[in-house]
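Residues per chain are reported as follows:
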Amino acid sequence: MGFTLGPMLKTSTRLLRLLSLLQSRRHWTGAELCERLEVDARTVRRDVDRLRELGYPVQASAGVGGGYRLAAGASLPPLLLDDDEAVAMVVALRSAASSVARIEDTAVGLLGKLDQLLPARLRRRVGALYSVTLSLGQSQESPDVDTLTELAGACRDHRLLELDYSDRGGRASSRTIEPLRLVNSGRRWYLLAWDRSRDDWRLFRADRIRSLRCGGGFVPRKFPEDVAAYVQRSISQVISGEGLRVRVRLRGSAETLAPTLPPWCGVLEHIDDSSSLLHVRGDSAEEILALLALTGVEFELIDGAERVAQLREVAQRLLRGLEPPAG
């Protein structure tokens, strides 16, 4: 028995068109949908039923002013985007990935998904728009968003990476790695990967990656411990080994302060139910004082007395700047 794909393809195309219309505005009358889709009312009702079977919560109302609307459901169904909407979403995600707190990693992950779906013509539009857009909120330590997107895609697809990398001493090296996870610590991005030349797990700062190239696939290794704990410990070891250091006692337990304390302020340790210990590192007295201010709680200096004079000088300078002008 022979068959034809013509009607099936026509129905699928019509369903996508109907879904796009329902997502573009809150309410449509049956007559309007019939006119837009060039079908009769019975076909519209059948197509609405098909969308409901696919999980789209289409509500119908009868009588004068009745029609169809797409309501909120228990889960988010797939969205249809036109060219302008897709470009706007990618540009917004790029901005969020470099400037909006707490959603950077989510934005980069979504950018990675969109990157493999965008047609070439839309990639050119996004690139042209973003190339002439200046972000004033991005830190010098923030890596390029395109680099983050490529790293996220390599982690997702299990693709080997060849990196040109500079360590904190400025020494350049070439690495072949198996990327596992991209981690955001607040102001910095880190890539956790298996370094084939070192035959061990390594943590790479994304802003120190000078160039990267994707290679073939690999079978991902199982990380031997909790990723978050490993990254936090690795960052803490770097903090304890560089720059000026002080230790302060904070008013509040580590359990209470940890959810709100910015991770870049320092390494938090438990003392008791009413106090905790914070190890702070900075490149200058100004930076240490700023980090202490960001904790948002009372503190007491217990280690780093040699820095007191520097810290007081900075604090007094700030106080003088806040004094009202004479007269």
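Residues numbered from 1 in each chain as written. Predicted model: local features only at pLDDT ≥ 70, side-chain atom pairs only at ≥ 80, totals over all residues. Heavy atoms only, no water.

Engineer: If you had to explain the pattern of salt bridges to someone new, which residues and values would you point to?
Structural biologist: In the structure shown here, the tally under the stated rule is 14 salt bridges. Close ionic contact of Arg317 with Glu286 constitutes a salt bridge, the shortest N to O distance being 2.9 Å. Of the two residues, Arg317 sits in helix α11 (residues 308-322) while Glu286 sits in helix α10 (residues 285-295), which places them 31 residues apart along the sequence. Here Arg317 falls in the partly exposed class, since its relative accessible area comes to 41%. Salt bridges sharing common partners tie together Arg14, Asp47 and Arg50. (Salt bridge = Lys/Arg side-chain N within 4 Å of Asp/Glu carboxyl O. Helix = DSSP H or I, 4+ residues; strand = E, 2+ residues; numbered from the N terminus. Buried < 20%, exposed > 50% of the residue type's maximum accessible area, 1.4 Å probe, protein only.)

Engineer: Could you give an account of the nonpolar core, with specific residues and numbers?
Structural biologist: Residues Leu151, Leu161, Leu163, Ile177, Leu182, Leu191 and Phe204 are the most contacted members of the largest nonpolar core, which totals 18 residues. Put simply, the parts of the chain that give this core at least two residues each are α7 (145-157), β3 (159-166), β4 (172-184), β5 (189-195) and β7 (209-217). Per-element tally for this core: the top contributor is α7, with five residues. What Leu163 contacts, discounting residues up to four positions off in sequence, is Ser173, Ser174, Arg175, Ile177, Phe204, Ile209, Ser211 and Leu212. Counting residues in each nonpolar core, the second largest holds 16 residues, with Leu244, Cys265, Leu278 and Val280 among its members. (Core = buried A, V, L, I, M, F, W, Y, C linked by side-chain atoms within 4.5 Å. Contact = heavy atoms within 4.5 Å.)

Engineer: Give a detailed account of unusual backbone geometry, specifying residues and quantitative values.
Structural biologist: Look at Glu38: it is not a glycine, yet its phi comes out positive at around 60°. Structurally, Glu38 can be placed in the loop between α2 (30-37) and α3 (41-53). Even without being glycine, His158 reaches a positive phi, approximately 55°. Considering the arrangement of structural elements, one finds His158 in the loop between α7 and β3. Residue class for His158 comes out partly exposed when judged on its relative accessible area of 31%.

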